[in-house]
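Each chain, letter by letter, is given below.
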Amino acid sequence: RRVIEVRGLGHHFRGVFGSPATKLNHARRILSFEEASASAAIYVGDSMEDYGVARELGIRFIGRRNKEKLHGVEGPVYADLFDVATEVAARLALVT
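The sections below set out a description of the structure shown in this document.

The rules we used
Residues numbered from 1 in each chain as written. Predicted model: local features only at pLDDT ≥ 70, side-chain atom pairs only at ≥ 80, totals over all residues. Heavy atoms only, no water. Core = buried A, V, L, I, M, F, W, Y, C linked by side-chain atoms within 4.5 Å. Buried < 20%, exposed > 50% of the residue type's maximum accessible area, 1.4 Å probe, protein only. Helix = DSSP H or I, 4+ residues; strand = E, 2+ residues; numbered from the N terminus. Contact = heavy atoms within 4.5 Å. Arc of directions from axis to C-beta. Pairing = 2+ DSSP bridges. Phe/Tyr/Trp six-rings, centres within 6.5 Å; stacked < 30°, edge-to-face > 60°.

Section: the nonpolar core
No. 1: Ranked by internal contacts, the top residues of the largest apolar core, which has 14 residues, are L31, Y43, V53, L57, I59 and F61.
No. 2: Looking at this core, the elements that each hand over two or more residues are helix 2 (23–33) and helix 3 (48–57).
No. 3: Here the element with the most residues in this core is helix 3; it accounts for 4 residues.
No. 4: Beyond its immediate sequence surroundings of up to four residues, F61 is in contact with Y43, G45, S47, D50, Y51, A54, V73, P76 and R91.

Dropping the structure here:
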């Protein structure tokens, strides 16, 4: 949270989540807070842990290729963040 504030990015987020809670707990909390169904959510992640959380909760996953290989991921995986943002926008357009 401090890093986000120091970089002046706080106004872009409704919440910033980190340790000690797990990503799974955070994802459940966000769905509850937003009163959103898993089918209306999109999980953008860069690890197999992120992918596992999305699968467990039934959330659509968009991968961001990073140092960790995302082998076996069902769905798109992009190296470029612009491509990730474009995919998110396209999927959100389908929901609204």
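Here we look at helix 3
No. 1: Every buried residue of helix 3 is accounted for by D50, Y51, V53, A54 and L57. Take helix 3 and look down its axis: the buried residues cluster within an arc of 160°, on one side only. Turned more than 90 degrees away from the buried face of helix 3, the exposed residues are R55 and E56.
No. 2: At its buried positions, helix 3 is contacted by helix 2, strand 1 (42–45) and strand 2 (60–64).
No. 3: G58, located one to two residues past helix 3, shows a positive phi value of around 75°.

Describing the pairing of strand 1
No. 1: Residues of strand 1 alternate between two faces, with Y43 and G45 buried on one and I42 and V44 left unburied on the opposite face.
No. 2: Here strand 1 runs beside strand 2; their pairing, made up of 4 bridges, is parallel. In the sheet register, G45 faces strand 2, and the bridge partner there is G63.

A few points about the packing of aromatic side chains
No. 1: As enumerated under the stated definition, the model contains 2 aromatic pairs in all.
No. 2: Between the aromatic rings of Y51 and F61, the centroid separation amounts to 5.2 Å while the plane-to-plane angle is 70°, which identifies the pairing as edge-to-face. Taken as a pair, Y51 in helix 3 and F61 in strand 2 lie far apart in primary sequence, 10 residues in all. Neither residue differs from the other here; Y51 and F61 are each classed as buried.
No. 3: The rings of Y43, Y51 and F61 are connected pair by pair, giving a single aromatic cluster.

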